[in-house]
Amino acid sequence: FGSNLQKLVTLDYICYIRLWVRSKIKIMEKERTFDCLCIKSIDYKDNDKLVTLYAFGEGKITASLKGVKKAKAKLKYASALFCFGKYYLAGKNGYNNVIGCDLTDSFYGIWTDIDKYYPAVCSLEILDKIADDREIGDKLAVLTLQFLNELCYKSTNNFIAFAKFLYNAIKL
């Protein structure tokens, strides 16, 4: 009788350990990579930010960036508006966390000139509101990136360039 009891206790103990380990280990989905444009960034909790990204081929994605409001945050640039790059996301059940970002362009020239900043923010707002349909969203995102590139790196009249952007966006 003693050996059967010992086997029963051992099996119960093993099952308990398995359940405990499963509860403590966070099983994350496979890492996903997207070319994204950051179109919205809001503060969340003490040191975090929630960003809305437009991912080409995927559509709009909401993700969190942990600890980016700290002074020495490694991914602070990834939470900035106009940031375009390859974002690495991980998460489960529809909750995404940004775990890395390879910056392609930050469009820094837009940040330093208020006459460029306002039309650029308006273009991101238009992308945010209209980009729910993936087919139109991808075309509009490409148009937005072209507009941001023209605004940042070419010396044109900002408001004429914005009017051209609006005209092309309406044609979509």
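Structural notes, computed from the coordinates. Just so we're clear, the structure is a prediction, and the values are computed from it rather than from any experiment.

Concerning the packing of helix α3 (residues 114–130) against helix α5 (residues 158–171)
Consideration 1: One way to put it is that α3 packs onto α5 with a least axis distance of 9 Å and a crossing angle of 10°. On the basis of their axis angle, the class for α3 and α5 is roughly parallel. Between α3 and α5, the contacting residues are Asp-115, Lys-116, Pro-119, Cys-122, Ser-123 and Ile-126 on the first element and Asn-158, Phe-159, Phe-162, Phe-165 and Leu-166 on the second.
Consideration 2: Taken together, the residues that form the contact of α3 with α5 break down as seven nonpolar, two polar and two charged.

Some points on the nonpolar core
Consideration 1: Leu-37, Phe-82, Phe-107, Ile-110, Leu-127 and Leu-148 are the most contacted members of the largest nonpolar core, which has 25 residues in total.
Consideration 2: For this core, the secondary structure elements donating two or more residues are β1 (32–44), α3, α4 (134–153) and α5.
Consideration 3: The element best represented in this core is α4, accounting for eight residues.
Consideration 4: Excluding its chain neighbours within four sequence positions, the residues that come into contact with Leu-37 are Thr-52, Leu-53, Tyr-54, Phe-82, Cys-83, Phe-84, Leu-124, Leu-127, Thr-144, Leu-145 and Leu-148.
Consideration 5: The next biggest cluster of nonpolar side chains, apart from the first, holds 17 residues, and it includes Cys-38, Leu-53, Ala-63 and Leu-65.

Some remarks on the pairing of strand β3 (residues 59–65)
Consideration 1: Burial analysis of β3 places five of its seven residues in the buried class, which makes it a mostly covered element.
Consideration 2: Linking strand β2 (residues 48–55) to β3, which pair antiparallel, is a turn of three residues; within it Gly-57 sits at a positive phi near 85°.

Looking at the layout of surface pockets
Consideration 1: Taken as a whole, the largest pocket encloses approximately 220 Å³ of empty space.
Consideration 2: If you go around the largest pocket, the residues you meet are Tyr-44, Lys-45, Leu-50, Thr-62, Ala-63, Ser-64, Lys-66, Gly-94, Tyr-95, Asn-96 and Asn-97.
Consideration 3: Those elements that place two or more of their residues in the lining of the largest pocket are β3 and β5 (95–105).

Things to note about the environment of Ile-39
Consideration 1: Following the sequence through the fold, Ile-39 ends up in strand β1.
Consideration 2: What Ile-39 contacts, discounting residues up to four positions off in sequence, is Thr-52, Tyr-54, Lys-60, Leu-81, Leu-124, Leu-127 and Asp-128.

Observations concerning the packing of aromatic side chains
Consideration 1: Considering all chains together, one arrives at 10 aromatic pairs under this definition.
Consideration 2: Here Tyr-54 and Phe-56 contribute two aromatic rings whose centre-to-centre distance is 5.8 Å and whose plane-to-plane angle is 85°, an arrangement assigned as edge-to-face.
Consideration 3: Residue classification places Tyr-54 among the buried residues on the basis of a relative accessible area of 0%.
Consideration 4: Judged by relative accessible area, Phe-56 falls into the partly exposed class, the value being 25%.
Consideration 5: A ring pair is formed by Phe-162 and Phe-165, whose centres lie 6.1 Å apart and whose planes are at 25°; its orientation type is stacked. A residue pair is termed a helical-turn pair when its members lie 3 or 4 positions apart in one helix, as Phe-162 and Phe-165 do in helix α5 at three residues.
Consideration 6: An aromatic cluster is built from Phe-82, Trp-111, Tyr-117 and Tyr-118, whose rings are joined through pairwise contacts.

Cut-offs applied
Residues numbered from 1 in each chain as written. Predicted model: local features only at pLDDT ≥ 70, side-chain atom pairs only at ≥ 80, totals over all residues. Heavy atoms only, no water. Axes fitted to C-alpha atoms, helices over the stretch in contact; angles between N-to-C directions. Helix = DSSP H or I, 4+ residues; strand = E, 2+ residues; numbered from the N terminus. Parallel < 35°, antiparallel > 145°, perpendicular 65-115°, else oblique. Contact = heavy atoms within 4.5 Å. Nonpolar A, V, L, I, M, F, W, Y, C, P; charged D, E, K, R; others polar. Core = buried A, V, L, I, M, F, W, Y, C linked by side-chain atoms within 4.5 Å. Buried < 20%, exposed > 50% of the residue type's maximum accessible area, 1.4 Å probe, protein only. Pairing = 2+ DSSP bridges. 1 Å grid on protein atoms, 1.4 Å probe; cavity = no way out; pocket = protein on both sides within 12 Å on 5 of 7 lines; lining within 4 Å. Points joined across faces, edges and corners; volume = space filled by probe spheres on them. Phe/Tyr/Trp six-rings, centres within 6.5 Å; stacked < 30°, edge-to-face > 60°.

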